[in-house]
Amino acid sequence: MKYDVVVIGSGLGGLQCGYILAKHGLNVCVLERTAILGGCLQTFKRGEAVFDTGFHYVGALDEGQALHRLFSYFDLIKLPWVRMGGQFDLVTVNGHTHPFTQGYEGFYETLAKAFPSQRENLKNYIAFLRQVGDHIFDSFQPREADQFYSTSLFARSAKAWLEETITDPLLRDILAGTSLKMELTADLPLYTFAQINNSFIQSAWRLQGGGGQIAESLAESIRSMGGQVRVRAEVDRLEEQDGRIAAAWVGDERIEADWFISNAHPSITLSLLKESAVIRKIYRRRIESLPNTFGMFTVNLRLKPNVLPACKFNRYIYQDADLWHYQAGKTDRILVNYYPEKGDYATRLDLLTPMLWGEVHPWAAMPMGKRGQSYVEMKIDKTEACIRLAGRQIPELADAIERDFTSTPLSYEHYTKTAEGSAYGIRKDFNNPMGTVLTPKTPLPNLLLTGQNLNLHGILGVSMTSFFTTAEILGMETVTNDLFKHE
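A few points on the structure. What you are looking at is a predicted structure, and each value in this text was computed from that prediction instead of being measured. Going along each chain's sequence as written, the residues are numbered from 1 onward. Restriction of local features to residues with pLDDT of at least 70 applies here, the model being predicted, together with a cutoff of 80 or more for giving and counting side-chain atom pairs; totals for whole chains, interfaces and linings are based on all residues. To get the side-chain values, all heavy atoms of the structure are used, and hydrogens and water are removed first.

## Details of the overall build of the protein chain
- Across its full length, the protein chain carries 17 helices and 19 strands.
- What the globule rule says is 2.2 Å times the number of residues to the power 0.38, and the radius of gyration is computed from C-alpha atoms. Against the 2.2 N^0.38 benchmark of 23 Å for 487 residues, the protein chain shows a C-alpha radius of gyration of 22 Å, consistent with a compact globule.
- Once the C-alpha set of the protein chain is aligned to its principal axes, its extents read approximately 65 × 50 × 45 Å.
- Counted over contacts in the protein chain with a minimum sequence separation of 6, partners at least 24 positions apart contribute 72%.
- Calculation of accessible area relied on Shrake-Rupley with a 1.4 Å probe; when residues are assessed, cover is drawn exclusively from the protein chains displayed. By element, 48% of the accessible surface of the protein chain is carried by carbon and sulfur atoms, the whole surface being about 19800 Å².
- For the protein chain, the distance from the average position of its 50 positive side-chain charges to the average position of its 55 negative side-chain charges is 2 Å. We count a stretch as a helix when DSSP gives it H or I for four or more residues in a row; a strand needs E for two or more, and each element gets its number in order from the N terminus. Two residues qualify as a contact provided that any one of their heavy atoms is within 4.5 Å of a heavy atom in the partner residue. Charge assignment: positive for Lys and Arg, negative for Asp and Glu; neither His nor the chain ends contribute. Throughout, a charge is located at the NZ atom of Lys, the CZ atom of Arg, the CG atom of Asp or the CD atom of Glu.

Structure below.
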């Protein structure tokens, strides 16, 4: 069988690329190695409790905002989205707690009341984020890549800008405090920080029933447009002929296509090319040497009924933490993720804290479920530390727990094939934007990349990137006109 396009991986980026191309009449086949679609969008059940793997909440979903436009195009607005409370995040740094309020005016008034000396600085902070958000679709305009990356906000430091803009150290930490949605480092590009934080200030939303619905909806749409979405179809290798990819091999099955799009990590994509006359060793080494962002240690808590009140916000808690640097093995920061509930009490809860690949590397070669007592003890210790830290702000939490379930970057790598169990893909570096903010193109003219490793991670970033990838096949003018005529 020959297709116009084969997409490797059914994560958000892969499915969105499949959707766009199928919508334009191309014969598309999406290949997923596991039995469950969605990659980091997967959900799983423990008893009656449904938990998300990597999806938690989204921003900018109000009408007229960026994600609303994108999700309207992908027919995802129909899903059961639930708007979070007016105060959608609570940030606690060393016992000081401050809320984030949806909407620019409410966001400003809440924090300006707590930090009156920073009123003008907060106005400048919000005005800048708003300007970045207002111009998010400017990236669809054609330009020279080297000029764009050298002059854009990808080439500026988020940390330096925040220090220049906000003079109160506590307020700086509070404003950076919801950034467990990204990896805060001194090298983080300003664009990443500004775009992601702006989207949640605009509006914040959860999805009743879990992120797996996004994947299932996209897959259903692709099939309805004549495409195929296959599970248990792991690509073992890519076959190169005459400087192009000729076929993908799934076991003994050879699948031909004119174009191939990989939603996998670039280094994993290259590993599928055992031999290549086009991919030079220097290119392989460059891609393989790019550092990945940290992973997450996650504690999924199934709660006793009618004990812990449900919340329309999430919590970020820091204790004796340098927000811009994670110290391996230290549980000094945590995201407490609530789920949308139909009743007044929480039935499940997630606790997430960063974990470096090096912290689990000693067990990396061991099979799932057979990593020994030392691995079990490490997870027990980490779980207790997470519950203690969360308990500083939620004192009733310990008595509300019915059972806990844990995962590490090893788990994430196993189930989603994410390199080193990375939470946010390749680490972007404002010092080297040309080298770390990748484009969809590869040295092979009909092999393209998509997903969180390229431009901006997260639901909004990956959705944008799917258009950049498919533009290499359809043309940017075509996909741009298609997106902007939709609303």
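Let's pick the thread back up.
## Some thoughts on the packing of helix H4 (residues 119-134) against helix H6 (residues 158-165)
- All axes are obtained by fitting lines to C-alpha atoms, using only the stretch in contact for helices, and the reported angles, taken between N-to-C directions, cover 0 to 180 degrees. For the pair H4 and H6, the least separation of the axes is 9 Å and the interaxial angle reads 145 degrees. Packed against H4, whose contacting residues are Asn121, Asn124, Tyr125, Phe128 and Leu129, the element H6 presents Trp161, Leu162 and Thr165 at the interface.
- In terms of residue class, the contact of H4 with H6 is built from five nonpolar, three polar and no charged. Following the grouping adopted for this structure description, the nonpolar residues are Ala, Val, Leu, Ile, Met, Phe, Trp, Tyr, Cys and Pro, the charged ones are Asp, Glu, Lys and Arg, and the polar ones are all others, Gly among them.

## Regarding the pairing of strand E1 (residues 2-8)
- Across the seven residues that make up E1, a large majority, five, are buried.
- Only strands joined by at least two bridges in the DSSP assignment are considered to pair. Pairing analysis gives six bridges linking E1 to strand E13 (residues 253-262), with the strands arranged parallel. Bridge pairing in E13 places valine 6 opposite phenylalanine 260.
- As judged from the four bridges shared by E1 and strand E2 (residues 28-31), these two strands associate in the parallel manner. If you follow valine 6 over to E2, its bridge partner there is cysteine 29.
- In this fold, the crossover linking E1 to E2 by way of helix H1 (residues 12-23) has right-handed handedness. For each residue, the accessible area found with a 1.4 Å probe, counting protein chains only, is set against the maximum for its type, and the residue is called buried under 20%, exposed over 50%, and partly exposed in between. With its strands directed away from the observer, a crossover is right-handed exactly when the path from the first strand over the helix to the second travels clockwise.

## Let's talk about the sheet that holds strand E9 (residues 204-207)
- One open sheet accounts for three strands, arranged E5-E9-E6; its pairing is antiparallel. Each end of this open sheet is capped by a strand with a single partner; those strands are strand E5 (58-59) and strand E6 (81-83).
- Pairing analysis gives three bridges linking E6 to E9, with the strands arranged antiparallel. Within E9, the position partnered with tryptophan 81 by the bridge is leucine 207.

## Points about the packing of aromatic side chains
- Paired rings are identified among Phe, Tyr and Trp, the last through its six-membered ring, by centres lying within 6.5 Å, and are further divided according to the angle between planes into stacked (under 30 degrees), edge-to-face (over 60) and tilted (the rest). Throughout the structure, instances matching the rule amount to 22 aromatic pairs.
- Ring geometry for phenylalanine 88 versus phenylalanine 100: centroids 6.3 Å apart, planes at 70 degrees, classification edge-to-face. One end of the pair, phenylalanine 88, is in strand E7 (residues 87-93); the other, phenylalanine 100, is in strand E8 (residues 96-101), and twelve residues separate them in sequence. Each member of the pair, phenylalanine 88 as well as phenylalanine 100, is classed as buried.
- Ring-pair connections join several aromatic residues into one group, and the members of that group are Tyr19, Tyr73, Phe74 and Phe467.
- One residue, arginine 371, lies across the ring of tyrosine 375, its end atom 5.3 Å from the ring centre. Criterion for a charge above a ring: Lys NZ or Arg CZ within 6 Å of the ring centre, and within 35 degrees of the ring normal.

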